[in-house]
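# Survey of secondary and tertiary structure
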Amino acid sequence: MVERRRSEMYGWVVAGVFWLLIFSYGLNWFAVAPLLKDLESMYGIGGAESHLLLSIIGLFVVFFAWPAGRIVDKKGPRYSVLIGALLMVIGFAGRIWLNDSYPKILLATSIAGFGLAWILVALAPQMIQWFKERASLAIGVASSGLFIGFGTASLLSPYIKNIYGLNMVYTSFAVLSLIAFLLYLIFGKDREKAEKESVGIIEGFRGVFSSKNAILYSLIGFFIVGSTLSASALLPKIAIGSGMSEVQGGNIISAMLFGSALGAFAFPYVANKYGVKRSSLLIAILGVILWLVFRVNPPFAIYLLISFLFGVCLQATWPVALHCQETEKGVNEKNVGIAASLYISVSNVGGAILPVAIGKVADQSLNNAFILLLAYLVIFTILWGIVRRK
């Protein structure tokens, strides 16, 4: 009992440095989110191209999640995280020098994008190693760092850019990513040595898909990630289009993303207490209702409140669905990396595709883009209604 308590205590150290690592990734990723209009003017590009600076990272996660999953199963989560963190530092630091043209900034962003899959795929397996059946909360805590990073970047980027210039945004955030990498290198450890019997990919998938919920969880992740990135780019445009300033637009999206962090952090506890399906379905429905409230163009203070609550609803079930995927029938220590790869990969297909579709539609009509995102949210809600779980 004492040994388990000590193990969990160090587990929270691991979760803490993982949180900082994923926070710094979110911070750097969303450094450009409130500045898309500036980048469009700077590089002479349209909405689809500017949105690609956000969504291309999700596209690379789709491809690199699979080798990352195999590394997790064979070498352990730590090995995968270190690969991803190193690519993160190289790519985001590269933006300091590679920002004089759109192709160059896209290249630097892509290098960082290579790394995210290696970090995300390792999240649940590493937390499950340290916390076993109580890993859902730790997954929520660690993953909340991504959305706090999103929100912090959306809040600070316009201020830093207006005072010190765009390059200072890239520089200050990249320095934090280096610090986070070094701290994880020192303190981020696996609880168990990765000396497991290897399982074939086909056999691993057969185990994952022995549960009918497997594809549903992945599709839920698809619409959560896609809707989050879509809303983070669309809401500032709607706000600015209604007469608000760029800084106010950044504050609005920051409120949404801080709400997302709270949802990811707190909701796993709620779902564990009151039931995964019932809780998730109710909060998804509430998210649809809150999105409709934006339709009436409320005052700025109300806009901030609704944005925060919408973020809570939007991201609350992402870590829950991930934990469900990792603990379904047919998933064990031999194929946990494959299960994580499936969820992370499909989730980020949504992150790569859905925001670009929103950007294309928004170039023609913000109203139609609003309706399209509403459709994403309705589908996401229906999927939770189909899931067979208490």
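Note that this is a predicted model, so its numbers are computed, not measured.

### Brief notes about empty space enclosed by the protein
Enumeration according to the criterion identifies three cavities of 30 Å³ or more in this entry. Estimated volume of the largest cavity: approximately 120 Å³. The wall of the largest cavity is formed by Trp 29, Leu 120, Leu 146, Phe 147, Phe 150, Val 225, Thr 228, Leu 229, Gln 315, Trp 318 and Asn 348. Broken down by secondary-structure element, the contributors of at least two residues to the lining of the largest cavity are helix H6 (135-164) and helix H9 (214-241).

### Let's talk about the nonpolar core
Tyr 25, Trp 29, Phe 30, Met 127, Trp 291, Phe 310 and Trp 384 are the most contacted members of the largest nonpolar core, which totals 129 residues. A per-element tally of this core places helix H5 (residues 102-131) first, with 16 residues. Beyond its immediate stretch of four places on either side in the chain, Trp 29 contacts Leu 54, Ile 57, Gly 58, Phe 92, Leu 116, Leu 146, Phe 150 and Leu 229.

### Looking at the packing of H9 against helix H12 (residues 300-315)
The N-to-C vectors of H9 and H12 enclose an angle of 170°; their axes lie 10 Å apart at closest approach. Between H9 and H12, the angle falls in the class roughly antiparallel. Where H9 approaches H12, its residues Ile 224, Ser 227, Thr 228, Ala 231, Leu 235, Ile 238 and Ala 239 are matched on the opposing element by Tyr 303, Ser 307, Phe 310, Leu 314 and Gln 315. Considered class by class, the residues forming the contact of H9 with H12 number eight nonpolar, four polar and no charged.

### Considerations on H6
Under the 1.5 Å per step criterion, the end-to-end length of H6 is 42 Å for 30 residues, consistent within 8% with the ideal 44 Å. Bending of H6 peaks at approximately 35° at the position of Leu 156, with proline Pro 158 no more than four residues after it. Burial of H6 is extensive: 21 of the 30 residues sit out of reach of the surface. At the exit of H6 stands Gly 165, carrying a positive phi of roughly 105°.

### Points about the pattern of salt bridges
The final tally for this structure, using the stated rule, is two salt bridges. Of the charged contacts in the structure, one is a salt bridge between Asp 38 and Lys 161, with a shortest N-O distance of 3.2 Å. Note that Asp 38 is positioned in helix H2 (residues 36-43) and Lys 161 in helix H6, a separation of 123 residues in sequence. Residue Asp 38 is classed as partly exposed on the basis of its relative accessible area of 23%.

### Thoughts on the packing of aromatic side chains
In total, this model carries 21 aromatic pairs according to the counting rule given. Judged by centre distance (5.1 Å) and plane angle (75°), the ring pair of Tyr 25 and Phe 92 falls under edge-to-face. With Tyr 25 in helix H1 (residues 2-29) and Phe 92 in helix H4 (residues 77-94), the pair connects residues that are 67 residues apart, well separated along the chain. The same class applies to Tyr 25 as to Phe 92, namely buried. Aromatic pair Trp 29 and Phe 150: ring centres 5.3 Å apart, planes at 85°, arrangement edge-to-face. In this pair, Trp 29 is assigned in helix H1 and Phe 150 in helix H6, connecting sequence segments 121 residues apart. This pair shows no difference in class: Trp 29 is buried, exactly as Phe 150 is.

### Topic: the side chain of Thr 109
Locating Thr 109 in the fold gives a position in helix H5. In this structure Thr 109 touches Leu 53, Ile 56, Ile 57 and Arg 95, once residues within four positions along its chain are discounted.

### Here's the deal with the environment of Leu 59
Relative to the helices and strands, Leu 59 is located in helix H3 (residues 47-75). Sequence separation between Leu 59 and Ala 117 is 58 residues; the distance between their C-alpha atoms is 9.9 Å. When sequence neighbours within four positions are dropped, the list of residues in contact with Leu 59 reads Asn 348 and Ala 352.

### Overview of the environment of Pro 158
Take Pro 158: it is sitting in helix H6. Sequence separation between Pro 158 and Leu 374 is 216 residues, and the spatial gap between their C-alpha atoms is 27 Å. Among all residues touching Pro 158, those that are not within four sequence positions of it are Pro 34, Leu 35, Ala 153 and Val 247.

### Observations concerning the packing of H6 against helix H13 (residues 318-326)
Two elements in contact, H6 and H13, have axes whose closest approach is 9 Å; the angle formed by their N-to-C orientations is 135°. What the angle tells us is that H6 and H13 run oblique. Our pair here, H6 against H13, has a crossing hand that is right-handed. Touching Ala 135, Ser 136, Ile 139, Gly 140 and Ser 143 of H6 are Trp 318, Pro 319, Leu 322 and His 323, all from H13. Taken together, the residues of the contact of H6 with H13 break down into five nonpolar, four polar and no charged.

What counts, and at which threshold
- Residues numbered from 1 in each chain as written.
- Predicted model: local features only at pLDDT ≥ 70, side-chain atom pairs only at ≥ 80, totals over all residues.
- Heavy atoms only, no water.
- 1 Å grid on protein atoms, 1.4 Å probe; cavity = no way out; pocket = protein on both sides within 12 Å on 5 of 7 lines; lining within 4 Å.
- Points joined across faces, edges and corners; volume = space filled by probe spheres on them.
- Helix = DSSP H or I, 4+ residues; strand = E, 2+ residues; numbered from the N terminus.
- Core = buried A, V, L, I, M, F, W, Y, C linked by side-chain atoms within 4.5 Å.
- Buried < 20%, exposed > 50% of the residue type's maximum accessible area, 1.4 Å probe, protein only.
- Contact = heavy atoms within 4.5 Å.
- Axes fitted to C-alpha atoms, helices over the stretch in contact; angles between N-to-C directions.
- Parallel < 35°, antiparallel > 145°, perpendicular 65-115°, else oblique.
- Nonpolar A, V, L, I, M, F, W, Y, C, P; charged D, E, K, R; others polar.
- Expected span 1.5 Å × (residues − 1).
- Bend = angle between axes of the 7 residues up to and from the residue.
- Salt bridge = Lys/Arg side-chain N within 4 Å of Asp/Glu carboxyl O.
- Phe/Tyr/Trp six-rings, centres within 6.5 Å; stacked < 30°, edge-to-face > 60°.
- Left-handed = near helix turned anticlockwise from the far one by under 90°.

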